[in-house]
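Here are the chains, one letter per residue:
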Amino acid sequence: MDPNSADTLHDFPPFFRVHKNGKIERYLETDFVPPSHDPTTDVQSKDVVISPENAVSARLFLPKSTIPNQKLPLLIYVHGGAFSIESAFSSLYHNYLNTLVAEAKVIAVSIEYRLAPEYAVPACYDDCWEVIKWVELHAGGQGPDPWLNEFADFDRVFLAGDSAGANIAHNMAIRFNLDEFGSGIKIVGIILVHPFFGNGKTDNLWLFICPETSGSNDPRLNPAADLDLLSKLGCNRVLVCTAGKDRLKERGLIYYDAVKNSNWKGEIEIFDIEGEDHVFHLFKSTCENAVLLLKKIVGFMNQNLLPSVL
């Protein structure tokens with residue numbers, strides 16, 4: 001028996017537990033790696049602080065451009081981790097973004113948002129939205145970050161994420177269409193890898209980290225519950241990626257069907273890899289199926305895109 005079990009008030013393995021004294025203990029520690037020049041991919045990275053008061057920041061990734069004066073598609077990436085673990089600054093996501101940026105030849109903004117349960121949902125949504133608005137400041141070439149001013153093509157913006165990060169990316173695409181927002185950027189598509197959209201039943205973790213929720217049919221958790229809202233996706237294309245052994249696969253399929261049956265006028269496709277589990281590509285990044293998934297995502301971002309020059 002766990003010696004700490006008698007002291008545990010709430011327990012959500014493998015993510016975290018809350019002790020009776022209020023202490024929050026995560027089951028796994030997240031490592032942090034500094035930004036750098038990656039010699040393997042030749043990708044540079046740096047960190048930027050976007051909202052000091054809310055501790056919102058991001059890691060920017062810039063590939064070695066093979067074409068002088070070429071503007072690059074912009075990827076805004078949201079890490080996964082059940083809204084409660086992981087980081088844009090962990091080795092897991094740092095290494096993945098290095099590889100993705102190098103292969104796709106995109107500039108990327110990987111968002112570091114506040115985690116639950118210390119910060120209840122919707123803090124993660126609000127933080128990511130703040131980063132998107134910060135990105136938009138650069139559309140005229142006069143924003144606070146020189147990389148975005150010089151290299152980003154704001155007519156070719158993609159939102160992407162895995163697991164809970166995919167959930168957030170979807171919700172940002174909805175918010176992009178609903179909120180009053182400048183027209184400085186265009187979201188071409190969203191990439192949802194093994195998205196977390198609940199399981200169709202009462203989700204105790206979601207209920208705990210989002211006290212204001214309406215329950216399992218909250219459209220933030222289960223977008224298929226509101227086809228009218230789903231039809232307001234603020235992008236032209238959607239890629240949903242699923243894995244055969246992932247317990248969340250069915251929810252990805254339900255999302256795909258719901259989008260198809262809504263009044264949204266864009267194009268959606270699904271890409272399934274059999275025999276693999278949830279976010280396998282992060283932990284087995286060099287396996288054949290991870291390479292296959294990477295190529296699909298890269299192809300989605302580069303599809304029918306002509307070079308844009310300065």
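Given the structure is predicted, the values throughout are model-derived calculations rather than measurements. (Residues numbered from 1 in each chain as written. Predicted model: local features only at pLDDT ≥ 70, side-chain atom pairs only at ≥ 80, totals over all residues. Heavy atoms only, no water.)

Judged by nonpolar contacts, the single largest core of 69 residues is most densely connected at Leu74, Ile190, Leu233, Val238 and Tyr255. With residues near it in sequence (within four places) discarded, Leu233 still touches His170, Ala173, Ile174, Asn177, Ile190, Val238, Tyr255, Val259 and Trp264. Counting residues in hydrophobic clusters, the runner-up holds 35 residues, among them Tyr93, Ala108, Leu294 and Phe300. (Core = buried A, V, L, I, M, F, W, Y, C linked by side-chain atoms within 4.5 Å. Buried < 20%, exposed > 50% of the residue type's maximum accessible area, 1.4 Å probe, protein only. Contact = heavy atoms within 4.5 Å.)

Attention shifts here to the state of the cysteines. Linking two cysteines covalently via their sulfur atoms produces the bond known as a disulfide. As enumerated under the stated definition, the model contains 0 disulfides in all. No disulfide involves Cys241; its sulfur sits 14 Å from that of Cys235, the nearest cysteine. No disulfide involves Cys287; its sulfur sits 14 Å from the nearest other cysteine sulfur, which is in Cys241. (Disulfide = S-S within 2.5 Å.)

The next point concerns the pairing of strand S7 (residues 70–78). As a general feature of sheets, a regular strand has side chains that alternate between the two faces. Here S7 lies mainly inside the structure; 9 of its 9 residues are buried. Pairing of S7 with strand S9 (residues 152–162), which is carried by 7 bridges, proceeds in the parallel orientation. Across the sheet, residue Ile76 finds its bridge partner in S9, namely Leu159. Both S7 and strand S8 (residues 107–112) contribute to a ladder of 5 bridges, which runs parallel. Looking at the pairing, Leu75 lines up with Ala108 of S8. The handedness of the S7 to S8 crossover, carried by helix H1 (residues 91–104), is right-handed. (Helix = DSSP H or I, 4+ residues; strand = E, 2+ residues; numbered from the N terminus. Pairing = 2+ DSSP bridges. Right-handed = clockwise from strand over helix to strand, strands pointing away.)

Another point: the UniProt feature "active site" (unreviewed entry) in the protein. Mapped onto the present numbering, the UniProt feature "active site" (unreviewed entry) falls on Ser163. Relative to the helices and strands, Ser163 resides in the loop between S9 and helix H4 (164–178). Residue Ser163 is classed as buried on the basis of its relative accessible area of 9%. Once residues within four sequence positions are removed from consideration, Ser163 is found in contact with Gly80, Val193, His194, Pro195, Phe196, His278 and Val279. (UniProt positions renumbered as here; feature names shortened; annotations may be inferred.)

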